[in-house]
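Each chain is listed here by its residues.
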Amino acid sequence: MDLKGKFITFEGSEGSGKSTQAALALEYLKQRNSPVMLVREPGGVKISERIRGLLLDVKNTGMGDECETLLYMAARAQMVKEALVPALGAGKIVLCDRFLDSTIAYQGFGNGVDVKFIKELGSFATKSIKPDLTILFDIETQKGLARANARKDRIEQRPLDYHNRVRQGYLTLAREHPQRIKVITVDADKEQIFKQVKTLIDAVL
Ligand code: TMP
């Protein structure tokens, strides 16, 4: 596929501040008059937002790991087809709040679903599109959970051990893909963190 645009993803465990940073990046690039859009996962387009509702609803207590994994992938496949491919094809910069690394971290390392299988499903759902840059916001698990919403969704409600595995999963991915995944340690205020984000973004544009 001939995709002229740039694809930048924001990853991290709960309360890492990645969504705030993605919003700041959007404003920064708009001010530079760059053609840019921001999408979130699961979601970004109508069908995927509806799947998001199913995934995060605390009432869906009986959802199995298989169903959960496939629903995240289904939401992704639709977002890729409807939003990512057209935007990258048109030469836009696409900022994405979570992508395939989230499924590897949460469903793979967190739930114990086979990571190799997730990667195979991931190639199908993403048409093998890979981010040009992934910024991973790393925060100590308990600190992150304390910063997250008071009203926890179905995933956030999981125990500390689960969230620790997610964090370690992300750090493992970062070691495996040092060229693509850049880790920012969340230990400063959002303006200082954004300076680091800006440097990383400027380097790939
Ligand atoms: P958010 O908190 O960034 O809006 O993401 C929603 C939740 O979905 C969050 O708890 C992480 C979780 N999630 C997965 O478990 N697997 C995935 O593939 C994605 C994209 C998100």
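Since we're looking at a predicted model, the values are computed, not measured.

### Concerning empty space enclosed by the protein
One pass over the full model with this rule turns up one cavity of 30 Å³ or more. Empty space within the largest cavity amounts to approximately 30 Å³. What lines the largest cavity is simply Glu11, Asp101, Thr134, Leu136, Tyr170, Leu173, Ala174 and Ile181. When residues of the lining of the largest cavity are traced back to their parent elements, those giving at least two are strand S4 (133-138) and helix H7 (160-176). Element by element, the count of residues in the lining of the largest cavity is highest for H7, at three residues.

### Things to note about the pairing of strand S3 (residues 93-97)
With five of five residues buried, S3 lies mostly within the body of the structure. The pairing of strand S1 (residues 6-12) with S3 spans five bridges and is classified as parallel. From the neighbouring strand, Lys6 faces S3, where its bridge partner is Ile93. The sheet contact formed by strand S2 (residues 36-40) and S3 spans five bridges and is parallel. In the strand pairing of S3, Met37 is matched with Val94.

### Topic: the pattern of salt bridges
Across all of its chains, the model carries 11 salt bridges by this definition. The closest approach of N and O atoms between Arg167 and Asp138, which form a salt bridge, is 2.8 Å. Here Arg167 is found in helix H7, whereas its partner Asp138 is found in strand S4, with 29 residues between them in sequence. Note on Arg167: relative accessible area 19%, which makes it buried. Assessed through its relative accessible area of 11%, Asp138 is described here as buried. Overlapping salt bridges, with partners in common, bring together Glu68, Arg154 and Arg158 in one network.

### Considerations on the site of the ligand
In the vicinity of the ligand lie 14 residues, with Glu14, Arg52, Arg98, Thr103 and Gln107 positioned nearest. At a separation of 2.6 Å, an oxygen atom of the ligand approaches a polar side-chain atom of Thr103. Between the ligand and Gln107, the relevant distance is 2.8 Å, taken from a nitrogen atom to a side-chain nitrogen or oxygen of the residue. Taken by itself the ligand offers 480 Å² of open surface, and the protein chains cover 93% of this. If you map the ligand onto the pockets, it falls in the largest pocket. Counting only elements with at least two residues in the shell around the ligand, the list comes to helix H2 (46-56), helix H3 (65-89) and helix H4 (100-110). Of the residues assigned to the shell around the ligand, the class counts are five nonpolar, three polar and six charged.

Criteria and thresholds
- Residues numbered from 1 in each chain as written.
- Predicted model: local features only at pLDDT ≥ 70, side-chain atom pairs only at ≥ 80, totals over all residues.
- Heavy atoms only, no water.
- 1 Å grid on protein atoms, 1.4 Å probe; cavity = no way out; pocket = protein on both sides within 12 Å on 5 of 7 lines; lining within 4 Å.
- Points joined across faces, edges and corners; volume = space filled by probe spheres on them.
- Helix = DSSP H or I, 4+ residues; strand = E, 2+ residues; numbered from the N terminus.
- Buried < 20%, exposed > 50% of the residue type's maximum accessible area, 1.4 Å probe, protein only.
- Pairing = 2+ DSSP bridges.
- Salt bridge = Lys/Arg side-chain N within 4 Å of Asp/Glu carboxyl O.
- Near = heavy atom within 4 Å.
- Polar contact = N/O pair within 3.5 Å; in protein donor to acceptor, adjacent residues only side chain to side chain.
- Areas by Shrake-Rupley, 256 points an atom, 1.4 Å probe, with all protein chains shown as cover.
- Sits in = over half its atoms within 2 Å of the grid points.
- Nonpolar A, V, L, I, M, F, W, Y, C, P; charged D, E, K, R; others polar.

Take it as geometry only, folks, not as evidence of what the structure does.
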